[in-house]
Amino acid sequence: MIIGNRNFDNGTYIMGILNVTPDSFSDGGKFNNLENAVRHVRKLIKSGADIIDIGGESTRPNYVKISDEQEIERILPIIEKIKRIFDIPISVDTYKSKVAKAAIEAGADMINDIWGLKYDKGEMARLIADTGVPCCLMHNRQEAVYNSLIDDVIQDLKETVSIAKAAGIADDKIILDPGIGFAKTYEQNLQLTNNLERINELGYPVLLGTSRKSMIGIALDLPADERVEGTLVTTVMAVMKGCRFVRVHDVLENKRAVKMTEAIIHS
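Please read these numbers as outputs of a predicted model, since none were measured by experiment.

Peer 1: Quick rundown of the side chain of Asp109? Include the residues and the values.
Peer 2: In this structure, Asp109 sits in the loop between helix H3 (97-106) and strand E6 (110-113). For Asp109, the side chain forms a polar contact with the side chain of Lys83, separated by 3.1 Å. In contact with Asp109, other than residues within four places in its own chain, are Ile3, Gly4, Lys83, Ile88, Pro89, Ile90, Val133 and Pro134.

Laid out in structure tokens, this is it:
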């Protein structure tokens, strides 16, 4: 898979998180000005990030939705600045086609959609198809109600892939995300993480995003800023189960965990 000017075909890659929001659950307000954002991106790259994922609207539980214009105003200057300074692919975390269009025009290389193309009646799918950028399509639902969790998640993701293909998005432009922490209970998040190989059976690269999430906080009884070790465990599982990407806050530690796991697997 090509994202930006890089090939992501072998091993597990690190997507570093840059939240430019005042209210993200883990690092809200830390990087929502240009100087701090650039400094953090430099640190993420030095630590081993392969992609930078920029989010302008928090998607934590009970988040407050902002307008398209507010989201664009937050992310565009940062996308443009990062593209001028650094040579690294940029993903934008948005489910709004208007925001995605502005981000792509500003230089974004990929769209990370937490609603898996199901939010806006096909507008996001058409935009991605027309622009040719890769996309990460996440599993999500309105409620955590399932007949059979793994089978239902797989069926929902198949529906997302069908929307993508109907719009003309090529197979080699699609990444799937099982959506840990979205419309799932604590127990369901654990079960899904333990069955990641089932998601890989769909034949698309898989991204796992568990970094500092409540699943880890509940399991270890720890606040968001003390969940590094728990995140590392999920990253090791992601590598062992064949995931292509992990989306994390703590890049250096997770990069080392990936390298160590890959060294053992390939020995």
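What follows picks up the thread again.
Peer 1: Please provide a residue-by-residue account of the nonpolar core, values included.
Peer 2: By size, the foremost hydrophobic cluster in this structure holds 64 residues, and its most contacted members are Leu18, Ile54 and Ile75. No other element matches helix H5 (residues 149-167), which puts seven residues into this core. Non-local contacts of Ile75, meaning those with residues more than four positions away in its chain, are made with Val20, Ile54, Gly55, Gly56, Val92, Val99 and Ala103.

Peer 1: Can you break down the side chain of Asp120 residue by residue, with the values?
Peer 2: Relative to the helices and strands, Asp120 resides in the loop between E6 and helix H4 (123-131). The buried charged residue Asp120 lacks any salt bridge partner; its closest oppositely charged side chain belongs to Arg126, at an N-O distance of 6.8 Å. Separated by 3.4 Å, the side chains of Asp120 and Ser97 make a polar contact.

Peer 1: Outline the pairing of strand E10 (residues 245-248), supporting the account with residue identities and numerical values.
Peer 2: Side-chain alternation along E10 places Phe245 and Arg247 on one buried face and Val246 and Val248 on a second face that is also buried. Judged from the four bridges that link them, strand E3 (residues 13-19) and E10 form a sheet pairing that is parallel. Counted as the bridge partner of Met15 is Arg247 from E10. Here strand E9 (residues 207-208) runs beside E10; their pairing, made up of two bridges, is parallel. Each residue of the ladder has a partner; that of Leu208, found in E10, is Val246.

Peer 1: A description of the environment of Gly230 should follow, citing residues and the corresponding values.
Peer 2: With respect to the element layout, Gly230 can be found in helix H9 (residues 228-240). Judged by relative accessible area, which is 10%, Gly230 ranks as buried. Apart from the residues lying within four places of it in its own chain, the contact partners of Gly230 are Ile216 and Leu220.

Peer 1: How would you explain the packing of helix H1 (residues 34-47) against helix H2 (residues 68-85) if you had to name every residue and give the values?
Peer 2: Between H1 and H2, the shortest axis-to-axis distance is 10 Å and the interhelical angle comes to 45°. When the interaxial angle is binned, H1 and H2 end up oblique. Along this stretch, H1 crosses H2, giving a crossing that reads as right-handed. The residues of H2 that touch H1, namely those facing Leu34, Ala37, Val38, Val41 and Arg42, are Pro77, Ile78, Lys81, Ile82 and Ile85. Partitioned by chemical class, the residues of the contact of H1 with H2 number eight nonpolar, no polar and two charged.

Peer 1: For the pattern of salt bridges, give the residues involved together with the corresponding values.
Peer 2: By the definition in use, this model includes 16 salt bridges. Here Arg198 ties to Asp151 by a salt bridge, and the two come within 2.9 Å at their closest N and O atoms. Of this pair, Arg198 sits in helix H7 (residues 196-200) while Asp151 sits in helix H5, and the two are 47 residues apart along the sequence. The exposure class assigned to Arg198 is partly exposed, which follows from its relative accessible area of 27%. Residue classification places Asp151 among the partly exposed positions, given a relative accessible area of 40%.

Calculation criteria
- Residues numbered from 1 in each chain as written.
- Predicted model: local features only at pLDDT ≥ 70, side-chain atom pairs only at ≥ 80, totals over all residues.
- Heavy atoms only, no water.
- Helix = DSSP H or I, 4+ residues; strand = E, 2+ residues; numbered from the N terminus.
- Polar contact = N/O pair within 3.5 Å; in protein donor to acceptor, adjacent residues only side chain to side chain.
- Contact = heavy atoms within 4.5 Å.
- Core = buried A, V, L, I, M, F, W, Y, C linked by side-chain atoms within 4.5 Å.
- Buried < 20%, exposed > 50% of the residue type's maximum accessible area, 1.4 Å probe, protein only.
- Lys, Arg positive; Asp, Glu negative; His and termini not counted.
- Salt bridge = Lys/Arg side-chain N within 4 Å of Asp/Glu carboxyl O.
- Pairing = 2+ DSSP bridges.
- Axes fitted to C-alpha atoms, helices over the stretch in contact; angles between N-to-C directions.
- Parallel < 35°, antiparallel > 145°, perpendicular 65-115°, else oblique.
- Left-handed = near helix turned anticlockwise from the far one by under 90°.
- Nonpolar A, V, L, I, M, F, W, Y, C, P; charged D, E, K, R; others polar.

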